[in-house]
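Overview (structure and organization)
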Amino acid sequence: MHDISVIIPAAGSGSRMGGDVPKPFIKIAGLPVLSHTLRCFDYVDRIALVILAVSEGCKTLAQQAIESSGVKVPVKIVNGGAERLDSIRNALQHIAPGTSLIAVHDAVRPFVGRELLLRLIESAEKYGSSIPGLPVTDTIKQIDNDGLVISTPLRSSLRSVQTPQIFRTDILKSAYKHAALQGIRATDDASLVEYLGHEVKVIEGTPENIKLTYPEDLQKAAFILNNKI
Ligand code: C5P
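Residues numbered from 1 in each chain as written. Predicted model: local features only at pLDDT ≥ 70, side-chain atom pairs only at ≥ 80, totals over all residues. Heavy atoms only, no water.

1. Some remarks on the site of the ligand
Of all residues adjacent to the ligand, which total 15 residues, the nearest are Pro9, Ala11, Gly12, Gly81 and Ser87. Ala10 places a main-chain nitrogen or oxygen 3.3 Å from an oxygen atom of the ligand. Residue Gly81 places a main-chain N or O atom 2.9 Å away from a nitrogen atom belonging to the ligand. Isolated, the ligand exposes 460 Å² of accessible area, and the fraction of that covered by the protein chains is 84%. (Near = heavy atom within 4 Å. Polar contact = N/O pair within 3.5 Å; in protein donor to acceptor, adjacent residues only side chain to side chain. Areas by Shrake-Rupley, 256 points an atom, 1.4 Å probe, with all protein chains shown as cover.)

2. Considering the nonpolar core
Formed by 31 residues in total, the largest nonpolar core has its most connected members in Ile8, Leu34, Phe41, Ile47, Val50 and Ile166. Looking at this core, the elements with two or more residues in it are β1 (4-9), α1 (33-39), β4 (47-54), α2 (59-69), β6 (101-104) and α4 (114-127). With five residues, the single largest contributor to this core is α4. Among the nonpolar cores identified, the runner-up in size contains 25 residues, and Ala53, Ile171, Ala190 and Val193 belong to it. (Core = buried A, V, L, I, M, F, W, Y, C linked by side-chain atoms within 4.5 Å. Buried < 20%, exposed > 50% of the residue type's maximum accessible area, 1.4 Å probe, protein only. Helix = DSSP H or I, 4+ residues; strand = E, 2+ residues; numbered from the N terminus.)

3. What about the pattern of salt bridges?
Tallied over the full model, the rule gives 11 salt bridges. A salt bridge links Arg168 to Asp170, with the shortest nitrogen-to-oxygen separation between them at 2.9 Å. The exposure class of Asp170 is partly exposed, given its relative accessible area of 43%. In this structure, Asp217 engages Lys220 in a salt bridge whose closest nitrogen and oxygen atoms are separated by 3.5 Å. One end of the pair, Asp217, and the other, Lys220, are both in helix α7 (residues 215-228), three residues apart, so they sit about a helical turn from each other. Judged by its relative accessible area of 7%, Asp217 is buried. (Salt bridge = Lys/Arg side-chain N within 4 Å of Asp/Glu carboxyl O.)

4. Some words on unusual backbone geometry
Note on backbone geometry: most residues besides glycine have negative phi, and most peptide bonds are trans. Omega for the bond connecting Thr163 with Pro164 falls within 30 degrees of zero, at 5°, which places this linkage in the cis form. Topologically, Pro164 is positioned in the loop between β10 (159-161) and β11 (165-168). Although it is not a glycine, Ala29 sits at a positive phi angle of roughly 50°. Assignment of secondary structure puts Ala29 in the loop between β2 (27-28) and β3 (31-32). Classification of Ala29 by relative accessible area gives exposed; the value is 64%.

5. Quick word on the environment of Gly113
Tracing the backbone shows Gly113 in the loop between β6 and α4. Sequence spacing of Gly113 and Tyr43 is 70 residues, and the spatial spacing of their C-alpha atoms is 9.5 Å.

6. A look at α7
With 14 residues, α7 extends 21 Å between its outermost C-alpha atoms, agreeing within 8% with the 20 Å of an ideal straight helix rising 1.5 Å per residue. Within α7, the full set of buried residues consists of Asp217, Ala221, Ile224 and Leu225. The arc that holds every buried residue of α7, seen down its axis, measures 100°, which confines them to one face. With respect to the buried face of α7, the exposed residues turned more than 90 degrees away are Gln219, Phe223, Asn226 and Asn227. At its buried positions, α7 is contacted by β2 and α1. (Expected span 1.5 Å × (residues − 1). Arc of directions from axis to C-beta. Contact = heavy atoms within 4.5 Å.)

7. Some words on the pairing of β11
In terms of strand pairing, β6 meets β11 through four bridges, oriented antiparallel. Its bridge partner being in β11, Val104 is matched across the sheet by Gln165. Of the pairings in the sheet, the one linking strand β7 (residues 129-135) to β11 comprises two bridges and is antiparallel in character. Looking at β11, one finds that Ser129 is bridged to Phe167. (Pairing = 2+ DSSP bridges.)

Next up, the structure:
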């Protein structure tokens, strides 16, 4: 049974990382970040297709990253959009026929373990939506535009969430439709499902599933890779 489609938005400019090459195409251990990310999805039999949303100018780089990853799972390149949500909205038009679950995963998180993926799939089947999260170690303040504190949420109730975020196909599609009608913008896909009123289950993520955002994250990534080998 091949009934899972994976959407990887990779159309960001990566301005916080500096440099000319967008983040998914920066090399770590000799391979683009995106090649490492693609490899994470080559070990789960149920994956039918990986859909990569990239900007026009990066299509050749994306093709090269697919080739150098050596993955067997089919990968399709589609157009990215102005923002992350627009990239995913477009990728949704290209999911494989018979897809029952959709995983959305940032191109710049190259260390998703197979074990985490399997736990997320099992949980998404049970709850309809499942996302990985870690407890936060800092105390988090909600502030207003002047930097004045509005509230201090109870730390034990907070989670810092990661991707992949996995959803039943009907739920994610409805969430995107609803968001378009209501003009909702969000920084992750689960938020759109929350706006729809569906439950989202958070399961324990992994510390190595980092998002490469700042230049120093590349050193962390090299360290994680060296310790995996
Ligand atoms: O900018 P941020 O780190 O939140 O980006 C998260 C992911 O969304 C990255 O993989 C990035 O390439 C992707 N993205 C996209 N289309 C955009 C902006 C970001 O696919 N227009």
